[in-house]
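What follows is each chain in one-letter form.
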Amino acid sequence: MKRTDSTQATATPTHVHLETFGCQMNEYDSELVRSLMKQDGFVFTDEQERADVILMNTCAIRENAHNKVYKHLSELKKIKRQRPLVVGVLGCMAQNLKEELTEIQPLIDVLAGPDSYRQLPMLIRNALLSQEEGLDQKGLAVDLSEYETYHDVVPDRHDGVNAWIAVMRGCDNFCSFCVVPYTRGRERSRDAEGIILEAHKIAEQGFKQITLLGQNVNSYRFGDWDFARLILAVADVPGIERVRFTSPHPKDFPMPLLEAVVSHPHICKQIHLPLQSGSDRILGLMNRAYTIREYRALVDRIQALRSDIVLSTDIICGFAGERDEDFDETYRLVEEMRFHSAFIFKYSERKNTIAARKFPDDVSEAVKTERVTRLFDLQRNISYGRNREYLKAVLPILVEGDAKRSAAQGMGKSDGNITVIWDKQIVPSQPGDLLSLAIYDASSTTLYAEPPPVS
Ligand code: SF4
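Since the model is a prediction, treat every value here as computed from it, not as a measurement. Residue positions are given per chain, counted from 1 along the sequence in the order it is written. Thresholds applied to this predicted model are a pLDDT of at least 70 for local features of residues and 80 or more for the giving and counting of side-chain atom pairs; totals over whole chains, interfaces and linings are not thresholded and use all residues.

Before going further, it helps to examine the overall build of the protein. Each helix is a run of DSSP H or I of at least 4 residues and each strand a run of E of at least 2, with the numbering of both proceeding from the N terminus. Counting its regular elements, the protein contains 14 helices and 21 strands. As a reference, a globule follows 2.2 Å times the number of residues to the power 0.38, and the radius of gyration itself is taken over C-alpha atoms. Relative to the compact-globule value of 23 Å for 455 residues, the protein shows a C-alpha radius of gyration of 23 Å, a close match. When its C-alpha atoms are laid out on the principal axes, the protein stretches across 70 × 55 × 45 Å. Counting other C-beta atoms within 10 Å of a residue's C-beta gives its exposure: the residue is buried at 20 or more, exposed at 12 or fewer, and partly exposed in between, where C-beta atoms are placed from the backbone. Counting only residues that meet the buried cut, the protein has 42% of its 455 residues in that class.

Shown next, in the form of structure tokens:
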């Protein structure tokens, strides 16, 4: 590796390996990071062994993602003993655990929070220089911004079929369990015209699907643009077959957005509607700002407008103070709602949240596990039943690539975002194709497809 400094580009490029943990927003942020660093002359590699710099874009929302990052850091410690290496932690963990990370993990050279990625090339170059000079200076950039939306950064997209656009960043809702308002800061929306221009460029590059991202997309506001108007404009972009969005908040799901979903042929008939708990008492402690009655009324409204809309949700089991009767209410509501799918998590207390300050994490690990398992089993049966309802139906499938288990199988998604698999010898396919296939079998997670019968 050649000598570097903060103003001079290297003759031999510095190789960077970037790993991403957590949600789609983090995947999108990694695309921004790649773009910003490539502009500055850095080269990315998939091979950790070739990298001069290893970056981890982290998530602080779930314990699981958090533990994976710590495990990976201890592996990097061994590599760093053997050769020069700059290690950077980006994203929500960098923001939320800055003291802990710098103290417990002396191997970390750079910490950059979600609003500080523009500073990353400079921080990395300084870290490389410091390392060459035998110094041990840390680069830290974790200030939150009220304005940063990276509106002028074109993400370095790889997928070829699905593109994400973050239409807003941050969150003002302060759900008591959630760390996002502290790690990603206050809500701010990107300019609508910039988003639509980006959607046109994405279509010109051959992408077929756009997912509009925001911590709470219903809060999108830019001048006289709201989210319903924005998604309709994006769905009108020629060449874009499908538009999705995640996540809306059940407390303020506006009718115009529902009408947009129902009426526009390119907006997918799928809504992710995080429930979190079926108990009003627990929803109150979570500061979710809706009751079960209101949630149920919203689902009724959605289904009255269009009964085939695919609904998915998130549920937390074992939140602080959750009693057996609260969990029973959640269980019964899940039975009643028959969501197509659900992400079910054990509650894990997150540092700096309202719940961590106010409510003791008093449900034992064993009880949390038992509740998650019971709910998971219930949901698996419901998902199985829901998927079997598609048997013999002919569905439009957007091809994403090969199936994970076998390159002999193609894999794509239904309009409702359900994974579909087929035999490529029978149905040849390329990523980006839009196929019309008949469903002949279904599991709780997957639909199996074949050519439709010739009529
Ligand atoms: S709406 Fe609630 S759960 Fe979602 S990001 Fe905001 S604070 Fe977190």
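Further notes follow.
On to the sheet that holds strand 15 (residues 310–317), then. Two pairing modes exist for strands in a sheet, parallel and antiparallel, and in both the strands are linked by backbone hydrogen bonds. Two strands are said to pair when DSSP picks up at least two bridges between them. Read from one edge to the other, the open sheet built from 3 strands follows the order 14-15-16, with strand pairing classed as parallel. The two strands at the open ends of the sheet, each matched to only one other strand, are strand 14 (270–272) and strand 16 (341–346). Neighbouring strand axes in the sheet, compared pairwise and without regard to direction, differ in orientation by 10° on average. Both strand 15 and strand 16 contribute to a ladder of 6 bridges, which runs parallel. Paired with I315 across the strands is I344, a residue of strand 16. Think of each axis as a best-fit line through the C-alpha atoms, taken over the contacting stretch in the case of a helix, with angles from 0 to 180 degrees between the N-to-C directions.

Let's shift gears to the sheet that holds strand 21 (residues 446–450). Sheet architecture is closed into a barrel: 5 strands sit in the order 17-18-19-21-20, paired in mixed fashion. In this sheet, neighbouring strand axes are inclined to one another by 55° on average, regardless of whether the strands run parallel or antiparallel. Examined bridge by bridge, strand 19 (residues 419–423) and strand 21 share 3 bridges and lie parallel to one another. Note on strand 21: the bridge partner recorded for V420 is L447.

It is worth spelling out the domain arrangement of the protein at this point. Taken domain by domain, the protein consists of domain 1 (15–141), domain 2 (162–388) and domain 3 (394–450). A C-alpha centroid distance of 36 Å is found between domain 1 and domain 3. Domain start and end points were adopted from an automatic or database domain assignment.

Right, let's talk about the pairing of strand 13 (residues 242–246) for a bit. Most of strand 13 is tucked away, with 5 of its 5 residues classed as buried. Burial along strand 13 is two-sided: the residues R242, R244 and T246 and V243 and F245 are all buried. Examined bridge by bridge, strand 10 (residues 209–213) and strand 13 share 5 bridges and lie parallel to one another. Each residue of the ladder has a partner; that of T211, found in strand 13, is R244.

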